[in-house]
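# Examining the three-dimensional arrangement
Chain by chain, the residues:
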Amino acid sequence: MGEHSNKHIFRPVPVRELLVDLKDLCELTIDLAYSSYLFHSPDLAQEVLELEEHAGDLLLSLEVSLMLAARSPEDAAALVPISRAANAIGRIVDAAADIAKLVAGGVGPHPAIREMFKRTSERLMRAVVEEGSEIAGSRVGSLDPWVEVIAIKREGAWIIYPEDDEALAPGDIIIARGSPEEVSELLELAEEAENCEPPAPEPDEWVKRLAELLADLKETSELAIDLAYTALLLNSADLAQEVGRLEEYVDELHKDLQVAILTGKFSSADVENVLALLRVAFLGEEIADAAFEMAKPILKGLRPHPVLGMAIEESGERVAVLEVPRGSPLAGKALSEARIPEETGMWVIAIRRGGRFFRPRGSTVLKPGDVLIAVGYAEGEKDLAELVKAPIKTVSY
């Protein structure tokens, strides 16, 4: 964590509230770090560094609260998963801040990063709201197509995670994330929008190879953290083991990416750009390592403390669990055909079928009785339930 110049004053705060804040802050920090680098925004990078300091304060408060809560060996054992989750979040925030420090120092995006974001299932976008555009005056929470607006720059100042009723004004610069189709459509509506895919020369094979590895590393590491949260929510050793397998795969990807970067042709003038690529790769590895750190206590037989599940369910990005009923319009459809991300803003990351979990592909056909594990924006839960024609399952703690 970054050093804070002011002395920290401890104030009692419920552990659940601290965990919700830390989880939301961690996800925001990752998004803003990638955005600051992709769109070369030093002032957005500064926001990330300030979030890192805030995370340090939250982690210190949580550590004190956990120490005060443990009155017996049994209490201490029950609090271990919370401590592991908090430490993991701290690692991720630190790695994201390392990218922001490079951006704040003037390092611009490597061509492989732009190419990487053309290959991911969830895209980042930057758009300028033009006078007279169809989205001028629209509320953030009711955009059509719907994307999650991460930040708005207005009159030189950033509004981070704006409220749903925040109206977009001409001249606003918005940073948002969503499916490729939603992002492309919204960029057209914004008019004269700049996004992460500006016209550029065809990349060479080295850049394409880096982009392929980076995209795989980014998406696999983010899947690992989503599955780790789900494992904690469901107390699932199967999912915890899957997180471990993903962490091993990410380690191999990271090694391959480092070799590909360092054996490429670059001059001394490119050293800072290459360092930035290595930092992006390191963030992916830290996310996967942190995910397994969260999941390990389950494999040791430690049941996650109920407050962890409550915090996961109350955070801005949700884990939804629901069963495909007979007669569901999605039964018999391939996952890609169901268009769940486009329709709901949720991504299916795992399916339980016949008593076991597996990670689905786009070609996976949904069947009645399948239990879907989906992650995404809180607003998408109701849309997902409506699409599947099934209620969101309640997880008991």
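Before reading further, recall that the structure is shown in the block above.
In this report, the structure presented in the accompanying data block is examined. Note that this is a predicted model, so its numbers are computed, not measured. (Residues numbered from 1 in each chain as written. Predicted model: local features only at pLDDT ≥ 70, side-chain atom pairs only at ≥ 80, totals over all residues. Heavy atoms only, no water.)

This paragraph deals with the environment of Ala-231. You can see Ala-231 is positioned in helix α6 (residues 205-234). Along the primary structure Ala-231 and Pro-304 are separated by 73 residues, whereas in three dimensions their C-alpha atoms are 9.2 Å apart. What Ala-231 contacts, discounting residues up to four positions off in sequence, is Ser-236, Leu-239, Ala-240 and Ile-298. (Helix = DSSP H or I, 4+ residues; strand = E, 2+ residues; numbered from the N terminus. Contact = heavy atoms within 4.5 Å.)

Counting residues in hydrophobic clusters, the biggest one holds 101 residues, and the most contacted among them are Leu-62, Ile-82 and Met-294. With 16 residues, the top contributor of residues to this core is α6. Each residue touching Met-294, except ones within four places of it in the same chain, is listed here: Ala-85, Ala-88, Ile-89, Ile-225, Ala-228, Tyr-229 and Leu-232. (Core = buried A, V, L, I, M, F, W, Y, C linked by side-chain atoms within 4.5 Å. Buried < 20%, exposed > 50% of the residue type's maximum accessible area, 1.4 Å probe, protein only.)

A few words now on the packing of helix α3 (residues 73-104) against helix α8 (residues 271-299). Direction vectors running N to C along α3 and α8 enclose 175°, while the axes themselves pass 8 Å from each other. Judged by the inter-axis angle, α3 sits roughly antiparallel to α8. Its residues assigned to classes, the contact of α3 with α8 shows 18 nonpolar, 1 polar and 8 charged. (Axes fitted to C-alpha atoms, helices over the stretch in contact; angles between N-to-C directions. Parallel < 35°, antiparallel > 145°, perpendicular 65-115°, else oblique. Nonpolar A, V, L, I, M, F, W, Y, C, P; charged D, E, K, R; others polar.)

Bringing the pairing of strand β3 (residues 157-160) into the picture now. Pairing of strand β2 (residues 148-154) with β3, which is carried by 4 bridges, proceeds in the antiparallel orientation. Across the sheet, residue Lys-153 finds its bridge partner in β3, namely Trp-158. Taken together, β2 and the strand that follows it, β3, pair antiparallel across an intervening segment of 2 residues, in which Glu-155 is found at a positive phi of about 50°. (Pairing = 2+ DSSP bridges.)

Before going further, it helps to examine the sheet that holds strand β5 (residues 317-323). Strand order in the open sheet formed by 4 strands is β5-β8-β6-β7, and the pairing between neighbours is antiparallel. Among the strands making up the open sheet, the edge pair consists of β5 and β7 (356-358). Each strand axis lies, on average, 25° off the axis of its neighbour in the sheet, ignoring direction.

A pair can form between side chains of opposite charge whenever their charged atoms are brought close. Under the definition given, this model contains 22 salt bridges. Asp-98 is the partner of Lys-101 in a salt bridge, and the nearest nitrogen-oxygen pair spans 3.8 Å. One end of the pair, Lys-101, and the other, Asp-98, are both in helix α3, 3 residues apart, so they sit about a helical turn from each other. Taking the relative accessible area as the measure of exposure, Lys-101 reaches 44% and is therefore partly exposed. As a salt-bridge pair, Asp-98 and Arg-279 come within 3.7 Å of each other at their nearest N and O atoms. With Asp-98 in helix α3 and Arg-279 in helix α8, this residue pair connects regions lying 181 residues apart in the sequence. Because the salt bridges share partners, they merge into one network encompassing Asp-31, Glu-122, Glu-148 and Arg-177. (Salt bridge = Lys/Arg side-chain N within 4 Å of Asp/Glu carboxyl O.)

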